[in-house]
Amino acid sequence: MIWIDIVNEANVRFWRRFLKKFRGQVFLTTRRKGSLVELLRAMIPIEAEVVGEWGASDYEKLISFAERVKELALLIADREVDLAVSKASVEQARVAFGLGIPYIAMNDNDIPPHTVTKLTFPLSTLSIVPECFSGPTYSETMRFRGLFEVSHVLDFMEDGEFVKSDLGLDEGDYIVVRYPPVASHYLKEGGPFESIVEKFLREKGIRAVKIMREGIIELPSGERVSASIDGISLISRSAGVISGGGTMAREAALLGVPSISLFPGEDPCVSKILLSEGLMRKVTDMKASDLPSVYDELRKEWESERLRERAREFLRGCEDPAEVLVRVIRSRS
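The structure displayed is predicted, hence computed values, not measured ones.

Draft legend 1. Just helix α10 (residues 269-276), in detail. Taken together, the buried positions of α10 are Cys269, Val270, Ser271 and Leu274. The inward-facing, buried residues of α10 abut β6 (126-130), α9 (247-255) and α12 (306-316). Of the residues one or two after α10, Gly278 is the one with positive phi, at around 75°.

The following block contains the structure:
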């Protein structure tokens, strides 16, 4: 049996695609984090066992880690698990190591200080990373062409809008604003993200759907709702994405939707690839005044379909990481 621990909303599409391709017994676990549990239940037909919760501050992360390791150990100890696999689950890494279960670790964030990879890769039997990954991997490593979001986009392109939105939004009538992951291990301060975006929205007169962290969405009317929305479905109907994070900006770029990163710091290698291809643009705090003109340039390419055509060409040169994982598991069974 394969044990999969799903710990972030951003990974749900990947695991949905993997589970459609993998033929074998699986056991899913997850944690309470924003809308993760609700999104899993909406998108994946296999019920996941909810164990523990996410912590925001460093102290809360430590306590949540300790409590979740104990709960997972008690849950897994009596099960016949042949292999554990996850993307960035530090708790699964520790439990698998402690119980002697082979463990496959996946990650694509090579921004120093490499906190999650330090806590997962050294305990792994195998690490799966993009070819561009520059961080330490410690164990046997499998590299693939492209990025993990390729699986998200391929899954969406095959099945279309899976989670329907009742937010009353017309296609192409809004942009998506994704707030920075300020409580993450690699970002403590979000910078002037909100003031830059608000100035841009006023100047351009564009409606925005603001996706906060932990499941809160602000509609163009200003109303805030708690909703489990499939982000890629929302992105596909939008006129662009401005993001202080990574996943949604990369998903937009791969869909051929105008994608602008305001991430306040060094970009991970997977974002750098899309920036170098011109599928995504970066605007720094120092050049915030460039945001309107950068968006206008991308929007022209989007309206002419050139952006979408270039995104499709890039996708054709990538591997599907969900299929890579399936092949790896088959080769070890």
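Now that the structure is up, let's keep going.
Draft legend 2. Expanded view of the pattern of salt bridges. Overall, the coordinates contain 28 salt bridges when judged by the stated rule. Close ionic contact of Asp5 with Arg68 constitutes a salt bridge, the shortest N to O distance being 2.7 Å. One end of the pair, Asp5, is in strand β1 (residues 2-6); the other, Arg68, is in helix α3 (residues 58-76), and 63 residues separate them in sequence. Accessibility classification places Asp5 together with Arg68 in one group, the buried group. Of the charged contacts in the structure, one is a salt bridge between Arg308 and Glu305, with a shortest N-O distance of 3.2 Å.

Draft legend 3. Geometry of the packing of helix α7 (residues 193-204) against helix α11 (residues 291-303). One way to put it is that α7 packs onto α11 with a least axis distance of 10 Å and a crossing angle of 60°. Our classification of the angle between α7 and α11 gives oblique. Crossing handedness for the pair α7 and α11: right-handed. Two secondary-structure elements touch here, α7 through Ile196, Phe200, Glu203 and Lys204 and α11 through Leu291, Pro292, Tyr295 and Asp296. Looking at the contact of α7 with α11, its residues break down into 5 nonpolar, no polar and 3 charged.

Draft legend 4. Spotlight on the nonpolar core. Ranked by internal contacts, the top residues of the largest apolar core, which has 54 residues, are Ile175, Ile260 and Leu262. Ranked by the residues each element gives to this core, the list is headed by α9, at 6 residues.

Draft legend 5. Summary view of the side chain of Asp108. Among the structural elements, Asp108 can be located in the loop between β5 (103-106) and α5 (115-120). Its relative accessible area of 4% is what places Asp108 among the buried residues. Side chain to side chain, Asp108 and Lys87 meet in a polar contact 3.4 Å long. Beyond its immediate stretch of four places on either side in the chain, Asp108 contacts Lys87, Pro130, Phe133, Phe148, Glu149, Arg250, Pro268, Cys269 and Val270.

Draft legend 6. Spatial organisation of the pairing of β6. Of all 5 residues in β6, 5 are buried; the element is thus mostly enclosed. Two elements, β5 and β6, share 3 bridges in a ladder whose sense is parallel. Bridge assignment links Ala105 to a residue of β6, and that residue is Ser127. Considered for its hand, the β-α-β crossover made up of β5, α5 and β6 is right-handed. For β6 and strand β7 (residues 140-144), the ladder comprises 5 bridges, and the chain directions are parallel. Counted as the bridge partner of Leu126 is Glu140 from β7.

What counts, and at which threshold
- Residues numbered from 1 in each chain as written.
- Predicted model: local features only at pLDDT ≥ 70, side-chain atom pairs only at ≥ 80, totals over all residues.
- Heavy atoms only, no water.
- Buried < 20%, exposed > 50% of the residue type's maximum accessible area, 1.4 Å probe, protein only.
- Helix = DSSP H or I, 4+ residues; strand = E, 2+ residues; numbered from the N terminus.
- Contact = heavy atoms within 4.5 Å.
- Salt bridge = Lys/Arg side-chain N within 4 Å of Asp/Glu carboxyl O.
- Axes fitted to C-alpha atoms, helices over the stretch in contact; angles between N-to-C directions.
- Parallel < 35°, antiparallel > 145°, perpendicular 65-115°, else oblique.
- Left-handed = near helix turned anticlockwise from the far one by under 90°.
- Nonpolar A, V, L, I, M, F, W, Y, C, P; charged D, E, K, R; others polar.
- Core = buried A, V, L, I, M, F, W, Y, C linked by side-chain atoms within 4.5 Å.
- Polar contact = N/O pair within 3.5 Å; in protein donor to acceptor, adjacent residues only side chain to side chain.
- Pairing = 2+ DSSP bridges.
- Right-handed = clockwise from strand over helix to strand, strands pointing away.

Nothing here speaks to function; it is all geometry.
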